Amino acid sequence: MSGTRGGFYKYRKPREARGGIKARTARGHAFASNWWSRRWIEVMEESIDAGRLARGKSYARKGQVVGISIEPGLVTACVQGSRKTPYQVRFGIETISGEAREMILFRFRENAAFAARLLAGELPEETEEIFKEAKAPLFPTKSALRRFKCSCPDDAAPCKHIVAVLLLLGEEISDDPFLLLKLRGLEKESLINMLTLESARDEEIEARDFGEACELSGGAEASESAAPPMEGEELPADENWFRGGEFSFERAETDNGRRAAALEVMNDFPFWRGEHPFRQTLAPIYEQAATYAGEILTGEKKKPIGRPRKMI
């Protein structure tokens, strides 16, 4: 039992919800699989009493949350409780300022390995410190949790309905850290574009600088010595002005990173409830397709004519 906005409130079992979002985490297991989802859960555990937290977990596992919408700075949800009409949950998370955004993006871009890990769907632990430097906490604070709103009669802050939504968000953030950044105002598509365009621009500058350096070091003499022999002119035995090579298809070590980034861009299925996470489900198929394409490119395997064979 708990207090209410108008007097005394007795706990009642919730109505069965059809088509709700069920948590993947089984009873007795933690609702977190990496450092950033653990930090998300820790904020709740430090702010919510054990009884209400347990009821929120029960709601999440039963699928009482029937819908969640995520926008920059705002989460809205519908949770089926004991009443016929689902309760409305709404909570806002402060988005970062323009100045903080520029600082955060600068820190993201200055470390190539950091950007690569982020594009591969992994949130480096330095991210939290970067947000702190920009005076914009990455995770919700205790005071923010107390301001979250629910239309239920329970005056606890936060109530079990809000807890259920937060737990499901923790699972999704575990799979897709871009959702956490989106809540703070960093949209996934724009962030990826800024990181990849910055990398492309750096490579273009390096290539241009390299070409200019070659021109300066070679000069006119290098150009004359590199000229092909005229018709009828014999090629010196110890000189080979043209060196051809056999074509070879070798995967760079960063191929897996690029594939993971592509999968991340394609992942537009929030609250996926397959047997395994969406990217994990799609990754083997993506890998097989990439390998098969490489074999066709190198001639190791002929391109199939007609109906393609089934990939095992």
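Residues numbered from 1 in each chain as written. Predicted model: local features only at pLDDT ≥ 70, side-chain atom pairs only at ≥ 80, totals over all residues. Heavy atoms only, no water.

A. Inspection of the sheet that holds strand 3 (residues 65–71) at higher detail. The sheet built from 4 strands is open, its strands ordered 3-4-5-6 with antiparallel pairing. Looking at which strands have only one partner, the edges of the open sheet turn out to be strand 3 and strand 6 (149–150). In this structure, strand 3 lies alongside strand 4 (residues 74–79), joined through 6 bridges in antiparallel fashion. Counted as the bridge partner of Glu71 is Leu74 from strand 4. (Pairing = 2+ DSSP bridges. Helix = DSSP H or I, 4+ residues; strand = E, 2+ residues; numbered from the N terminus.)

B. The packing of aromatic side chains, seen in detail. By the definition in use, this model includes 4 aromatic pairs. Residues Phe91 and Phe148 carry aromatic rings whose centres are separated by 4.1 Å and whose planes lie at 25° to one another, so their mutual orientation is stacked. Of this pair, Phe91 sits in strand 5 (residues 87–92) while Phe148 sits in the loop between helix 6 (142–146) and strand 6, placing them 57 residues apart in sequence. Residue Phe91 shares its accessibility class with Phe148, and that shared class is buried. One aromatic cluster is present, built from ring pairs that chain together Trp35, Trp36 and Phe139. Here the guanidinium or amino end of Arg39 rests over the ring plane of Phe139, the centre of that ring lying 5.0 Å away. (Phe/Tyr/Trp six-rings, centres within 6.5 Å; stacked < 30°, edge-to-face > 60°. Buried < 20%, exposed > 50% of the residue type's maximum accessible area, 1.4 Å probe, protein only. Lys NZ or Arg CZ within 6 Å of the ring centre and 35° of its normal.)

C. The arrangement of helix 3 (residues 98–109) in detail. Here helix 3 spans 17 Å end to end across 12 residues, near enough to the 16 Å set by a 1.5 Å rise per residue. Considered for burial, the residues of helix 3 that qualify are Ala100, Ile104, Leu105 and Phe108. Within helix 3, the buried residues cover an arc of 130° as seen down the axis, which keeps them to one side. Turned more than 90 degrees from where helix 3 packs its buried face, Glu99 and Phe106 sit exposed. (Expected span 1.5 Å × (residues − 1). Arc of directions from axis to C-beta.)

D. Quick peek at helix 5 (residues 126–133). Every buried residue belonging to helix 5 is among Thr127, Glu128, Ile130 and Phe131, and all of these are buried. Summarising the axial view, the buried residues of helix 5 lie within an arc of 160°, below the 170-degree limit, and thus occupy one face. Contacts made by the buried residues of helix 5 are with helix 1 (35–47), helix 3, helix 4 (112–119) and helix 8 (178–183). Lys135 sits one or two residues past helix 5 and shows a positive phi near 55°. (Contact = heavy atoms within 4.5 Å.)

E. Looking closely at the pairing of strand 4. A one-sided burial pattern is seen for strand 4, the buried positions being Val75, Ala77 and Val79 and the unburied ones Leu74, Thr76 and Cys78. Hairpin geometry of strand 3 and strand 4 is characterised by an intervening segment of 2 residues between the two adjacent antiparallel strands and by a positive phi of about 80° at Gly73. Where strand 4 lies against strand 5, 6 bridges are found, and the strand directions are antiparallel. Its bridge partner being in strand 5, Ala77 is matched across the sheet by Val89.

F. Here's a closer look at the packing of helix 2 (residues 50–62) against helix 7 (residues 160–175). Orientation of helix 2 relative to helix 7, taken along the N-to-C sense of each, is 60°, at an axis distance of 7 Å. When the axes of helix 2 and helix 7 are compared, the pair comes out oblique. Crossing handedness for the pair helix 2 and helix 7: right-handed. Contacts from Arg52, Leu53, Arg55, Gly56, Lys57, Tyr59 and Ala60 of helix 2 reach helix 7 at Lys160, His161, Val163, Ala164, Leu167 and Leu168. (Axes fitted to C-alpha atoms, helices over the stretch in contact; angles between N-to-C directions. Parallel < 35°, antiparallel > 145°, perpendicular 65-115°, else oblique. Left-handed = near helix turned anticlockwise from the far one by under 90°.)

G. Structural context of unusual backbone geometry. Cis geometry is found at the peptide bond from Ala157 to Pro158, where omega equals 0°. A positive phi angle, near 55°, is found at Lys135, a position not held by glycine. Inspection of the secondary structure assignment puts Lys135 in the loop between helix 5 and helix 6. Overall, the relative accessible area of 75% leaves Lys135 in the exposed class.

H. Main features of the pattern of salt bridges. Under the defined criterion, the tally for this structure stands at 9 salt bridges. Residue Arg39 is joined to Glu42 by a salt bridge in which the shortest nitrogen-to-oxygen separation is 3.5 Å. Taken as a pair, Arg39 and Glu42 lie in helix 1 at a separation of 3 residues, close to a single helical turn. Among the residues examined, Glu42 registers a relative accessible area of 33% and is labelled partly exposed. With a shortest N-O distance of 2.4 Å, Arg107 and Glu133 are connected by a salt bridge. Linking Arg107 in helix 3 with Glu133 in helix 5, this pair joins segments that are 26 residues apart in sequence. The exposure class of Glu133 is partly exposed, given its relative accessible area of 33%. (Salt bridge = Lys/Arg side-chain N within 4 Å of Asp/Glu carboxyl O.)

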